[in-house]
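The primary structure of each chain is shown beneath.
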Amino acid sequence: MSMGDQIMIDGCEVTDRPPAPVNVSVMNLRADSATVFWEVPEGDIIIGFSISQQRQDGHMQRFIREVNTTSRSCVLWDLEEETDYIIQVQSIGLYGESQASKKVHFRTLKKSDRFPSNSSNQDDPTVQGLDKSRHLQTGEMIIIVVVLVMWAAVIALFCRQYDIIKDNDSSNNKEKAKPSSERSTPEHHSGGLLRSKVSSTPLNDHFTV
């Protein structure tokens, strides 16, 4: 386990605090919500987290605490638009909570805003998280457009092939029907001639006698 504060349990000295979370960032900014992400060093048993949320002017401090979870993210709700906030994250271990992470600043958007502005410091983890979110949204739009274009091309090709097959079937049916009608006419005339020859022979014999 990593080093932390020491306490005594049954006369034994144990490490009670896990290490503080690292790489804390804020993404998915909206006018009234935001999502906090963080990572925890490996090797320690983490059973929950605690988040301290406060407006930068010092008002409206809020604490969020969850246990029996391995989640590494949390959505902050009921935020005020165009407001600066400060957050810190703590890991909860078997024997206590870690030290608080580094402070992270972020600012909520206007209700009419669709994408966050670049007015913040680019070294701020919040801004880095927002850039990732922006790139992700742009990539998703490109994928959707490509899929729609591919579907349109497939449908157009199918309709074209269907028309070609339909035209071929019509031509084949016409060609099959034409020879059949032509064969029936000679057979009718030939039969008529044969019947006339057979019927004329008895008449000639009768007159001869």
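Just so we're clear, the structure is a prediction, and the values are computed from it rather than from any experiment.

*Asks:* Would you mind going over the overall build of the protein in detail, with residue names and values included?
*Replies:* Secondary structure summary: the protein contains one helix and nine strands in total. Split into buried and exposed, the 209 residues of the protein put 25% on the buried side. In the protein, the proportion of contacts linking residues at least 24 apart, taken out of those at least 6 apart, comes to 55%. Total accessible area on the protein stands at roughly 15000 Å², and carbon and sulfur atoms take up 56% of it.

*Asks:* Go over the sheet that holds strand S8 (residues 84–92) with me, naming the residues and quoting the values.
*Replies:* Adjacent strands of a sheet pair through backbone hydrogen bonds, lying either parallel or antiparallel. Spatial strand order, S6-S5-S8-S9: four strands in an open sheet with antiparallel pairing. Either end of the sheet is taken by a strand with one partner, and the two such strands are strand S6 (62–67) and strand S9 (104–107). Neighbour-to-neighbour, the strand axes of this sheet turn through a mean angle of 25°, independent of strand direction. Across eight bridges, strand S5 (residues 48–55) lies against S8 in antiparallel orientation. From the neighbouring strand, Ile 51 faces S8, where its bridge partner is Val 89.

*Asks:* How would you sum up the nonpolar core? Please name residues and give values.
*Replies:* Soluble globular proteins tend to bury their nonpolar side chains together. Counting 20 residues, the largest nonpolar core has Val 26, Val 36, Trp 38, Ile 87 and Phe 106 as its most contacted members. If you list the elements that add at least two residues to this core, you get strand S3 (22–27), strand S4 (34–39), S5, strand S7 (73–76), S8 and S9. Once residues lying within four places of it in the same chain are set aside, the contact partners of Ile 87 are Val 24, Val 26, Val 36, Ser 52, Gln 53, Leu 76, Lys 102, Lys 103, Val 104 and Phe 106.

*Asks:* For the confidence of the model for the protein, give the residues involved together with the corresponding values.
*Replies:* If pLDDT is low for a region, its predicted coordinates should not be looked at in detail. For the protein, the mean per-residue pLDDT works out to 76, and 64% of the residues sit at or above 70. The lowest-confidence element of the protein is strand S1 (residues 6–9), averaging 48 in pLDDT; the highest-confidence one is S9, averaging 97. Note that residues 117–122 has pLDDT below 50 and, in this model, seven contacts with residues that lie over four places away or in other chains.

*Asks:* With reference to specific residues and values, describe the pattern of salt bridges.
*Replies:* Counted according to the given criterion, the structure contains four salt bridges. Its salt-bridge partner being Arg 55, residue Asp 57 comes within 2.6 Å of it at the nearest N-O pair. Its relative accessible area of 45% is what places Asp 57 among the partly exposed residues. Taking the relative accessible area as the measure of exposure, Arg 55 reaches 18% and is therefore buried. Arg 65 is the salt-bridge partner of Glu 97, the closest N and O atoms lying 1.9 Å from each other. Of this pair, Glu 97 sits in the loop between S8 and S9 while Arg 65 is found in strand S6, placing the two residues 32 residues apart along the sequence. Take Glu 97: its relative accessible area is 22%, and that puts it in the partly exposed class. Residues joined by salt bridges that share partners form a network here, namely Arg 55, Asp 57 and Glu 80.

*Asks:* Just give me the short version of a nonpolar patch on the surface, but keep the residues and values in it.
*Replies:* Residues Ile 143, Val 147, Trp 151, Val 154 and Ile 155 make up a contiguous nonpolar surface patch of roughly 510 Å² in combined accessible area. Within the fold, Trp 151 resides in helix H1 (residues 125–208).

Definitions and cut-offs
Residues numbered from 1 in each chain as written. Predicted model: local features only at pLDDT ≥ 70, side-chain atom pairs only at ≥ 80, totals over all residues. Heavy atoms only, no water. Helix = DSSP H or I, 4+ residues; strand = E, 2+ residues; numbered from the N terminus. Buried < 20%, exposed > 50% of the residue type's maximum accessible area, 1.4 Å probe, protein only. Contact = heavy atoms within 4.5 Å. Areas by Shrake-Rupley, 256 points an atom, 1.4 Å probe, with all protein chains shown as cover. Pairing = 2+ DSSP bridges. Axes fitted to C-alpha atoms, helices over the stretch in contact; angles between N-to-C directions. Core = buried A, V, L, I, M, F, W, Y, C linked by side-chain atoms within 4.5 Å. pLDDT = per-residue confidence, 0-100. Salt bridge = Lys/Arg side-chain N within 4 Å of Asp/Glu carboxyl O. Patch = residues over 30% accessible without salt bridge, like charges linked within 9 Å, V, L, I, M, F, W, Y side chains within 5 Å.

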